[in-house]
Amino acid sequence: MSNTDVQQADQRQKTAADILPKLNAALEQYHVVAEQVVIRSIRFRDEYEQKLQNKQYSVVQGKLDEAKRQGVGGRAGDRHLRARHPEGHQPQARGWNAKIEALKTQYEVQIAEIQSRALQYDRKRRAEADAFYTASEAEGDLAEAKAEALGTRLKTSALATPAGRVYAAIKAAEAFKLGEVG
């Protein structure tokens, strides 16, 4: 999956559905069949993760350089404003600062809301996955117990037949050891 595919729920679900037959083929030797795949976390290889971080750094650095060239941010912008308005940032500058602060606050609220929804989604999905895992584990334990009980019952019924009694007698004779007679 690419980093853009990871962000799309439909693509993650499609990948989980596509991997299910391969997983079942690998689990077949254990007589296990997976019914569902739940993607709980995703990690990229270290090299790819480093490339993503470098790309993000380059983009941010490019925007910063562009802003400096245009004289919008940083000290160059402040000197430019002070040169035109020595008594400080005039009403136009204060208006821009107010707009910037308002937008900053608005975006911080939106980010907090998104993070809250993401946390709720994560907790919900993890709880569902944990419940599914627990139910599946309980079903597996029940099937194992039933198989063991069936094996015991079949062994008991086989030993209850005339041939089974002969077999039990042979095993008892093989296990019987006389001590020293003397």
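For clarity, every value in this text was computed on a predicted model and none was experimentally measured.

Cut-offs used in this document
- Residue positions are counted from 1 within each chain, in the order its sequence is given.
- In view of the model being predicted, local features appear only for residues whose pLDDT reaches at least 70, and side-chain atom pairs are presented and counted only at 80 or more, with totals across whole chains, interfaces and linings using the full set of residues.
- Excluded from the side-chain calculation are hydrogens and water; included are all heavy atoms of the structure.
- A run of H or I in DSSP becomes a helix once it reaches four residues, and a run of E becomes a strand once it reaches two; helices and strands are each numbered from the N terminus.
- Burial status follows relative accessibility: with a 1.4 Å probe on protein chains alone, a residue under 20% of its type maximum counts as buried, one over 50% as exposed, and anything between as partly exposed.
- By the convention used here, residues are in contact when the closest approach between their heavy atoms is within 4.5 Å.
- Note on areas: these come from Shrake-Rupley sampling with a 1.4 Å probe, and a residue is covered only by the protein chains present in the view.
- Patches were defined on residues exceeding 30% relative accessible area and lacking a salt bridge, with like-charge contacts within 9 Å and nonpolar side-chain contacts (Val, Leu, Ile, Met, Phe, Trp, Tyr) within 5 Å.
- A pairing counts as a salt bridge when a side-chain nitrogen of Lys or Arg comes within 4 Å of a carboxyl oxygen of Asp or Glu.
- The pocket and cavity definitions rest on a 1 Å grid over protein atoms only: a 1.4 Å probe that fits but cannot leave marks a cavity, an open set with protein on both sides within 12 Å along at least five of seven lines marks a pocket, and residues lining either have an atom within 4 Å of a point.
- Grid points are joined across faces, edges and corners, and a volume is the space filled by probe spheres set on the points.
- Residues scored as positive are Lys and Arg, those scored as negative are Asp and Glu, and His as well as the terminal groups of each chain are ignored.
- By convention, the point assigned to a charge is CZ for Arg, NZ for Lys, CD for Glu and CG for Asp.
- Put simply, two rings from Phe, Tyr or Trp (the six-membered ring, in Trp's case) pair if the centres are within 6.5 Å, and we call them stacked under 30 degrees between planes, edge-to-face over 60, tilted for the rest.
- The rule for a charge over a ring is simple: NZ of Lys or CZ of Arg within 6 Å of the ring centre, and within 35 degrees of the ring normal.
- Values of pLDDT, the confidence the predictor places in each residue, fall between 0 and 100.
- The span you would expect from a helix comes to 1.5 Å times its residue count less one.

## Things to note about the overall build of the chain
And then number 1: What the chain contains, in helices and strands, is 6 helices and 0 strands.
And then number 2: Sequence-ordered secondary structure for the chain, helices as α and strands as β, is α-α-α-α-α-α.
And then number 3: Looking at the chain residue by residue over its 182 residues, the buried ones come to 5%.
And then number 4: In the chain, once contacts between residues fewer than 6 apart in sequence are set aside, the share between residues at least 24 apart is 33%.
And then number 5: When the accessible area of the chain is evaluated, it comes to approximately 15900 Å², of which 57% is carbon and sulfur surface.

## Concerning unusual backbone geometry
And then number 1: Of note in the backbone geometry, H31 takes a positive phi value of approximately 60° without being a glycine.
And then number 2: Within the fold, H31 resides in the loop between α2 (9-27) and α3 (46-70).

## Examining a nonpolar patch on the surface
And then number 1: Taken together, the side chains of L103, Y107 and I111 present a nonpolar region at the surface, about 290 Å² in accessible area.
And then number 2: With respect to the helices, strands and loops of the structure, Y107 is situated in helix α5 (residues 91-159).

## Some points on the layout of surface pockets
And then number 1: One number sums up the size of the largest pocket: a volume of about 680 Å³.
And then number 2: As for the largest pocket, its lining consists of 20 residues, of which R12, V38, I39, Y121 and R125 are closest to the centre.
And then number 3: When residues of the lining of the largest pocket are traced back to their parent elements, those giving at least two are α2 and α5.
And then number 4: Sort the elements by how many residues they give to the lining of the largest pocket and α5 lands first, with 7 residues.

## Observations regarding a negative patch on the surface
And then number 1: There is a patch of like negative charges on the surface, built from E137, D141, E144 and E148.
And then number 2: As for its position among the elements, D141 is in helix α5.

## A closer look at the packing of aromatic side chains
Here a ring pair, both rings aromatic, is described through the centre-centre distance and the interplanar angle of the planes.
And then number 1: A full pass over the atoms with the stated rule returns 0 aromatic pairs.
And then number 2: The residue whose ring lies beneath K99 is W96, and the NZ or CZ to ring-centre distance is 5.1 Å.

## Overview of the confidence of the model for the chain
And then number 1: For the chain, per-residue confidence averages 82 on the pLDDT scale, and residues scoring 70 or more make up 86% of the total.
And then number 2: Mean pLDDT in the chain bottoms out at helix α4 (residues 74-84), which sits at 49, and peaks at α5, which reaches 90.
And then number 3: Across residues 73-77 the pLDDT falls below 50, and counting only partners more than four positions away or on other chains, this stretch makes 2 contacts in the model.

## Brief notes about the pattern of salt bridges
And then number 1: Taken as a whole and assessed by the stated rule, the structure comprises 4 salt bridges.
And then number 2: Of the charged contacts in the structure, one is a salt bridge between D122 and R126, with a shortest N-O distance of 3.0 Å. One end of the pair is D122 and the other is R126, both in helix α5 and 4 residues apart, which spans about a single turn.
And then number 3: Judged by relative accessible area, which is 31%, D122 ranks as partly exposed.

## Some details on α2
And then number 1: The end-to-end C-alpha distance of α2 is 26 Å, a good match for the 27 Å that 19 residues give at a rise of 1.5 Å each.
And then number 2: Here α2 has its buried residues at A16, L20 and N24.

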